[in-house]
Amino acid sequence: MRIFLIGYMGSGKSFIGKRLAERIEQKFIDFDEEIEKIENLSISEIFQQKGEIYFRKLERKVLEQVLSQEQNAVISLGGGTPCYGDNMELIREANDAVSFYLKLSVQQLTERLFSEKDERPVIKHLQNKEELEEFIRKHLFERGFYYNQADHVIDCGGKDSEELITEITNRLR
Ligand SMILES: Nc1ncnc2c1ncn2[C@@H]1O[C@H](COP(=O)(O)OP(=O)(O)OP(=O)(O)O)[C@@H](O)[C@H]1O
Ligand SMILES: O=C(O)C1=C[C@@H](O)[C@@H](O)[C@H](O)C1
Ligand SMILES: [Mg+2]
């Protein structure tokens, strides 16, 4: 089975995905890491040197590759992956696949991302916590349309990785 983790930046896709994959003894694929390997550049450098459109095309290519080549894996998508082109349709229609939206509130995401925003090109220009929160509020409103198409919505607020892995594995049964 292909298990897709989707959600906003900072929702824990990479952090939970890696631990979930270890727990259920499946391969782990992180989209951002795959893209960094292909380009031999960090995500920030790709945005800076090649632009966001180039990055989104690469993301789509990785999605097509993963869907055609990986039958069993935990797959952490990029925060924007489901929100471009018909990516979310591909994910929803994939055979033997299940998707989980790792959901956090605007406030929870703001707290988490404030200390980590410089590694994330989409939010690194925001000056302070208030601006970050305002940006996330609008952005999440737009992206929620896609994220909410996941098969399962997991409320991640205040839960550690153990609790979240238990919740996800219970839903897989
Ligand atoms: N359940 C949790 N409890 C506490 N902290 C968490 C939890 N899940 C993730 N974190 C922390 O939140 C931060 C963001 O997590 P992570 O990098 O996995 O997000 P992401 O969804 O992969 O974001 P991006 O889309 O930008 O790659 C990390 O510092 C991580 O350690
Ligand atoms: O939400 C987004 O648009 C992004 C999220 C990250 O996972 C990276 O894919 C990149 O920083 C863009
Ligand atoms: Mg990540």
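As annotated in an unreviewed UniProt entry, the chain carries the name Shikimate kinase and is attributed to Christiangramia oceanisediminis. Its UniProt record gives the chain the following Sequence similarities (unreviewed entry) comment, quoted word for word: "Belongs to the shikimate kinase family." Database annotation for the chain, UniProt heading Catalytic activity (unreviewed entry): "shikimate + ATP = 3-phosphoshikimate + ADP + H(+)".

**Q** What exactly am I supposed to notice about the UniProt feature "binding site: Mg(2+)" (unreviewed entry) in the chain here?
**A** Under the present numbering, the feature "binding site: Mg(2+)" (unreviewed entry) in UniProt falls on Ser14. Positionally, Ser14 belongs in helix H1 (residues 13–23). The contacts of Ser14, once residues within four sequence positions are left out, are Phe28, Asp30 and Ser76.

**Q** Help me out: how do you make sense of the site of ligand 2 in this one?
**A** Around ligand 2 sit Met9, Asp32, Ile43, Phe55, Arg56, Gly78, Gly79, Gly80, Pro121, Val122 and Arg143, and those are all the residues in its vicinity. At a separation of 3.0 Å, an oxygen atom of ligand 2 approaches a polar backbone atom of Gly79. Contact distances for ligand 2 include 3.3 Å between an oxygen atom and a backbone N or O atom of Gly80. In the complex, the protein chains occlude 95% of the 310 Å² of accessible area that ligand 2 would expose alone. By residue class, the composition of the shell around ligand 2 is five nonpolar, three polar and three charged.

Parameters at a glance
Residues numbered from 1 in each chain as written. Chains lettered and ligands numbered in written order. Predicted model: local features only at pLDDT ≥ 70, side-chain atom pairs only at ≥ 80, totals over all residues. Heavy atoms only, no water. UniProt positions renumbered as here; feature names shortened; annotations may be inferred. Helix = DSSP H or I, 4+ residues; strand = E, 2+ residues; numbered from the N terminus. Contact = heavy atoms within 4.5 Å. Near = heavy atom within 4 Å. Polar contact = N/O pair within 3.5 Å; in protein donor to acceptor, adjacent residues only side chain to side chain. Areas by Shrake-Rupley, 256 points an atom, 1.4 Å probe, with all protein chains shown as cover. Nonpolar A, V, L, I, M, F, W, Y, C, P; charged D, E, K, R; others polar.

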